[in-house]
Amino acid sequence: PYMDRVAFQGLEDASLFRDAFANGKVGLQALELTAGDLPWLREHEADGDYQVRTSPSTWHLTLHLNLATADERLNRFFNDLRVRQAVMLGIDRERLNFQYYDGLCTARQFSPLEGTRFYDEEVSQGYVGYDVDEANALLDEAGYRERDAEGFRLHPGGGRVTSEIAGETQGESAEEACGVDVAECLGDLGLECSYRRVLADEMSRLQRENGLQAAWMPNYSFPLLPTRAVFGFLGFGINPQPW
């Protein structure tokens, strides 16, 4: 029942980890592998002497707009319900699902899962469809109809609507590619948006200091249930963060 020695090796380069895994040199990993890793994992089953199995999961890949951002204009923008509905409708989840996850994921809101007594279909499926026309109409209605010469929307009173999505993702991962793609989806709505990968320490600092405009969270693997995510049911958001 005892182990004399356990050695952990930190690898910032995802390709090094994949090479080690593929060659059977990894006995235990803690890098939060997701469905996006399945293609290369399956490709190297024989080389690495392992077997790939899939099972139902509570993992979610989520976008969080910071409703408490210190940027006054973005604060006003994000706190308009029509804007958040537009952002939801402007993301082509089905395309992302098949492009990066081989169709294994389900388009839904981050909410209690089907099969629990807290499941609500209206909440789960609210605004998850892809409707660019309706998204643009909602942004126009919210007061962001005016655009500059490059087609980007302007705040009332002037100034381009610009935001950054920060995410703690691994380089060359499906989650990072999805984050970049989501930023481009918002760009198609006339919202200037960029994606930036940050390391764990910086992400924690940005959360503590309310330094985020929007967050891309690739590691929500827990179910949204009172026993696990009580803050969501108490009205404080998913985590007890100031943002």
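Residues numbered from 1 in each chain as written. Predicted model: local features only at pLDDT ≥ 70, side-chain atom pairs only at ≥ 80, totals over all residues. Heavy atoms only, no water.

Draft legend 1. Expanded view of a nonpolar patch on the surface. A contiguous nonpolar patch, built from Met-3, Val-6, Phe-8 and Leu-28 and spanning about 530 Å² of accessible area, is present on the exposed surface. Within the secondary structure layout, Val-6 lies in the segment before helix H1 (14-22). (Patch = residues over 30% accessible without salt bridge, like charges linked within 9 Å, V, L, I, M, F, W, Y side chains within 5 Å. Areas by Shrake-Rupley, 256 points an atom, 1.4 Å probe, with all protein chains shown as cover. Salt bridge = Lys/Arg side-chain N within 4 Å of Asp/Glu carboxyl O. Helix = DSSP H or I, 4+ residues; strand = E, 2+ residues; numbered from the N terminus.)

Draft legend 2. Here's a closer look at the pattern of salt bridges. Evaluated as defined, the whole model comprises 15 salt bridges. One salt bridge in this structure joins Asp-140 and Arg-153, with 2.7 Å as the shortest N-O distance. Residue Asp-140 is found in helix H8 (residues 132-141), and its partner Arg-153 is found in the loop between H8 and strand E2 (162-167); the two are separated by 13 residues along the sequence. Overall, Arg-153 belongs to the buried group, its relative accessible area being 0%. The partner of Arg-205 in a salt bridge is Glu-202, and the shortest N-O contact between them spans 3.8 Å. In this pair, Arg-205 and Glu-202 both sit in helix H10 (residues 200-208), three residues apart, roughly one turn of the helix. With a relative accessible area of 32%, Arg-205 lands in the partly exposed category. Judged by relative accessible area, which is 26%, Glu-202 ranks as partly exposed. What emerges from the salt-bridge pattern is a single network uniting Glu-164, Arg-196, Glu-202, Arg-205 and Glu-209. (Buried < 20%, exposed > 50% of the residue type's maximum accessible area, 1.4 Å probe, protein only.)

Purely geometric stuff here, so don't read any function into it on its own.
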